[in-house]
Amino acid sequence: MIPLLLLLAAAVGLAALARRSFAETLPLTVLAAVLVTYLCTGAGYKSLALPLVGAAALTLVLLAGIKSAKEGGALRWRALAGPALAAFLAAAAAAFFCAGHMRLINFDDVAHWALYTRQQCGLEHFPNVLESASDFADYPPGVQLLAVFLQIGAPFRHAMLFTAQFLWAAALALPLLKEAQWKNRWWKNALWVVGGGLLLLGLPAWFTKFYTYSLSAEAVMGLLLGYALVTAWQAREPRLLDAAGVSMALSLLMIAKSTGPMYAVFGLAAVLLLWAKPLWTALHRPITALTALVAVAAPFAFWGSWRLLCALKHTSSYFTQDAPDAYSAANLKEFFSFGPRVRPVAMHYLEYFCTEAMNQARFGLSALAFLAAVWLSAALAMRWQRERRRKVLAVFGLLTACFLIYAVMLCYSYLYLFQDWEGAELSAYHRYIMPMPLAIGMLAAAVLAPQLRRLWRPGRRWQGAAAGLALAITFGWGAFSRLTPVGYTAQLAGSQPGWYAEYGQYEAECAGAAAVLGQTENRVAILTEQPAWGHSSRLFKYFFAPAGTFSLNPLEYGNLAAALQDLLTNQQYTNVWCAPDSGGLLAEFGFTDSEGRALRPGAAYEIQNGALVRLDLPGQGE
């Protein structure tokens, strides 16, 4: 809670000091805190981020208080407590109290998103090639670092992984409530708070079925790009804080995932289109030119810093290793000539693009239907805001081009970069396709919001009611039902019932050993029947993090006795844990500890001088 309170204090102080709304300053403080965490972790001093953010928050509050006192209270602190603040607090409360029942039921969460975050919470630096628990060690960590920052100086909490994702949504969507004001009726104010909180918490559910289901980065990537676009649209005459917010959002987008740079470059181009005139007229001032240069260069500097860190730590993933071959001239020619191998996957993909709903709603929009809705919004905006119609046309056209380019790239990846079964099933399509629709949707909301009151004039209220009904029936309400234990379990009964039950089972089986052996300095070999890619092995790796783990199994290592002996003598591992399913292996090979006793399932051992010394841990099998 302390890190979040520091962010709130910094946002309130900055709002009072700079005479900006809380809806504008909270995203700035969140983005700045995450980037500070990235820089401190890159330098090997992650924990330093919390006192730095705390010092900044204290300074801002003190300066705002001093200025308020000098101006006789003219800063109007009460004005900060508007609907935006109340809606965010409501969304934040839900984020903290509605994530405790959520488990890892998505393969990519177990393989990387949750695993990497849990390990990073226990490290002061980014893991190198020997330390990394994730199979995707060179994936940029920008999105996960909010969960890391929120847990600096505190024990790891699994629920915080989902809480951080909800807080990302609430913070980055907050500028959409920038103009909200208290009304003169209590029930209208209550609607503002409840409706605003639901919007902040559930906005991504309009664009993907994976929200509140997976920890993958795509939802936050869309929010980051959307925040940058909304800020650029709302700030007709950009000031320093506006440029800082856009630059920080695009910087984090650069280090969010491998596809982040493409979104960031198109986002930067869209921002420059929106700010072209005020920038051009002000560039003759040296300070303005320098600010613009730094703001534009920062995203590329952060991207370069992560690539440098990967090179220094020798981290990579099979996506990085396979990419050069995937984009060979032969593959490109086959794809764009619509060869026999391409045709079935491409036609299936085109069908999905045109007809498959992006979210869980029965009448949810497909990607093609979404584009139609976007251009309907653009047409309304050009009609209602004639003085900015050229910018609307240019920006929406640029973002549509980016979306279509990415859609083609995604189809190509299913054929040449992903595994065959992923291409056949279009695995995770609803997640991969989502960032740009979410970002464009946020921009469309910001463009149309000031004009929506037209729909409630006498004679037009039916139009407002129709628009509200359309939004309601296309929204993925299942995302909200998953915020409750009953709704979460009920939905999983038809999708991943086994994984949900196995999560609790495996967590209980290794809880005692993981509590003691799951330390940064340990490397644990797990004797198990399952291969390293098996579900139980991946979950064990997650529960033992930040300790490094290694799955010692007969499928990958036929001569298990020789493999164990090599492990005992190579001095790379500190401990051995016998998984509950290892009873048959232990009986077959007759492994013993330093006192000649047979190894037991569920028991933990320390490697000392080439022998196994049993550790007396609560809950071990006897």
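Thresholds applied
- Residues numbered from 1 in each chain as written.
- Predicted model: local features only at pLDDT ≥ 70, side-chain atom pairs only at ≥ 80, totals over all residues.
- Heavy atoms only, no water.
- Helix = DSSP H or I, 4+ residues; strand = E, 2+ residues; numbered from the N terminus.
- Rg over C-alpha atoms; globule rule 2.2 N^0.38 Å.
- Contact = heavy atoms within 4.5 Å.
- Buried < 20%, exposed > 50% of the residue type's maximum accessible area, 1.4 Å probe, protein only.
- Pairing = 2+ DSSP bridges.
- Axes fitted to C-alpha atoms, helices over the stretch in contact; angles between N-to-C directions.
- Salt bridge = Lys/Arg side-chain N within 4 Å of Asp/Glu carboxyl O.
- Core = buried A, V, L, I, M, F, W, Y, C linked by side-chain atoms within 4.5 Å.
- Patch = residues over 30% accessible without salt bridge, like charges linked within 9 Å, V, L, I, M, F, W, Y side chains within 5 Å.
- Areas by Shrake-Rupley, 256 points an atom, 1.4 Å probe, with all protein chains shown as cover.
- Lys, Arg positive; Asp, Glu negative; His and termini not counted.
- Charge placed at Lys NZ, Arg CZ, Asp CG, Glu CD.
- Phe/Tyr/Trp six-rings, centres within 6.5 Å; stacked < 30°, edge-to-face > 60°.
- Lys NZ or Arg CZ within 6 Å of the ring centre and 35° of its normal.

S.K.: How should the overall build of the protein be read in this particular structure?
M.R.: Scanning the protein for helices and strands turns up 28 helices and five strands. Relative to a compact globule of 622 residues, whose C-alpha radius of gyration would be 25 Å, the protein shows 26 Å and is just as compact. Projecting the C-alpha coordinates of the protein onto the three principal axes gives extents of approximately 85 × 70 × 50 Å. Sequence separation of at least 24 residues holds for 74% of the intrachain contacts in the protein that already meet a minimum separation of 6.

S.K.: What am I meant to see in helix α26 (residues 535–544) here?
M.R.: Spacing of three or four residues puts side chains on the same side of an α-helix, whose turn is 3.6 residues. In terms of burial, α26 is a largely internal element, 10 of the 10 residues being buried. Restricting attention to buried positions, one finds in α26 the residues His535, Ser536, Ser537, Arg538, Leu539, Phe540, Lys541, Tyr542, Phe543 and Phe544.

S.K.: I tried to follow the sheet that holds strand β5 (residues 611–614) on my own but got confused; where do I start?
M.R.: Hydrogen bonds between backbone atoms are what pair the strands of a sheet, whose relative direction is either parallel or antiparallel. The mixed open sheet is built from five strands, whose spatial order is β2-β1-β3-β4-β5. A single partner strand is all that each edge strand has here, and the edge strands are β2 (548–552) and β5. Shown here is a sheet whose adjacent strand axes are inclined to one another by a mean of 30°, direction ignored. Pairing geometry for strand β1 (residues 523–527) and strand β3 (residues 575–578), over four bridges, is parallel. Looking across to β3, one finds that Ala525 is bridged to Val576. Each of β1, β2, β3, β4 (604–608) and β5 touches helix α27 (residues 560–569); the most contacted strand, β2, lies at about 155° to it.

S.K.: Would you explain the side chain of Gln165 in this entry?
M.R.: Looking at the secondary structure, you find Gln165 in helix α7 (residues 159–172). Ignoring any residue separated from it by four or fewer positions in sequence, one finds Gln165 in contact with Tyr211, Thr212, Ser214, Leu215 and Ser216.

S.K.: Explanation requested: the pattern of salt bridges in the structure shown.
M.R.: If the charged atoms of two oppositely charged side chains come close together, the side chains can form a pair. One pass over the structure, following the stated rule, counts 10 salt bridges. Here Lys178 ties to Glu24 by a salt bridge, and the two come within 3.4 Å at their closest N and O atoms. Taken together, the residues Lys178 in the loop between α7 and α8 (186–202) and Glu24 in helix α2 (residues 22–42) connect sequence positions 154 residues apart. Classification of Lys178 as partly exposed rests on a relative accessible area of 21%. The class of Glu24 is buried, set by a relative accessible area of 16%. Its salt-bridge partner being Lys257, residue Glu218 comes within 2.3 Å of it at the nearest N-O pair. Pair noted here: Glu218 is in helix α9 (residues 218–234) and Lys257 is in the loop between α10 (240–254) and α11 (260–274), with a separation of 39 residues, a long-range link. On the accessibility criterion, Lys257 (7% relative accessible area) is buried. Connected through salt bridges with shared partners, the residues Arg20, Glu24, Lys178 and Asp242 form a single ionic network.

S.K.: Just checking my understanding: could you explain the nonpolar core for this structure?
M.R.: Soluble, globular proteins show a tendency: their nonpolar side chains are buried together. Counting 193 residues, the largest nonpolar core has Phe88, Trp168, Tyr429 and Trp577 as its most contacted members. Of the residues forming this core, the biggest block, 15 residues, is contributed by helix α18 (residues 389–416). Discounting chain neighbours no more than four positions away, the residues touching Trp577 are Glu509, Cys510, Ala513, Val524, Ala525, Ile526, Leu527, Phe540, Phe544, Gly602, Ala603 and Ala604. Formed by 19 residues, the second largest nonpolar core is a distinct cluster that contains Ala525, Leu527, Leu560 and Phe591.

S.K.: I keep staring at a positive patch on the surface and nothing clicks. Help me out?
M.R.: A cluster of basic residues, Arg383, Arg386, Arg389 and Arg390, forms a positive patch on the protein surface. Take Arg390: it is sitting in helix α18.

S.K.: Explanation requested: unusual backbone geometry in the structure shown.
M.R.: Only a minority of non-glycine residues have a phi that is not negative, and only a minority of peptide bonds are not trans. Cis geometry marks the peptide bond from Ala545 to Pro546; its omega dihedral reads 15°. For Pro546, the position within the fold is in the loop between α26 and β2. At Thr212, a position not held by glycine, the phi torsion is positive, near 65°. Checked against the element boundaries, Thr212 lands in the loop between α8 and α9.

S.K.: Would you explain the packing of aromatic side chains in this entry?
M.R.: Any two aromatic rings considered together are summarised by their centre-to-centre distance and by the angle between their planes. Within the structure shown, the criterion is met by 35 aromatic pairs. Centre to centre, the rings of Tyr38 and Phe302 are 5.7 Å apart; their planes meet at 55°, and the pair counts as tilted. Here the residue Tyr38 occupies a position in helix α2, and Phe302 occupies one in helix α13 (residues 286–313), the gap between them amounting to 264 residues. Accessibility assignment for this pair places Tyr38 and Phe302 in one class, buried. An angle of 45° between the planes, with centres 5.4 Å apart, marks the rings of Tyr263 and Tyr406 as tilted. One end of the pair, Tyr263, is in helix α11; the other, Tyr406, is in helix α18, with 143 residues separating them in the sequence. The exposure class assigned to Tyr263 is buried, which follows from its relative accessible area of 1%. Residue class for Tyr406 comes out buried when judged on its relative accessible area of 7%. Taken together, the aromatic side chains of Tyr349, Tyr352, Tyr414, Phe418, Tyr429 and Tyr432 make up a single cluster linked through ring pairs. Sitting over the face of the ring of Tyr542, Arg118 holds its NZ or CZ atom 4.8 Å from the ring centroid.

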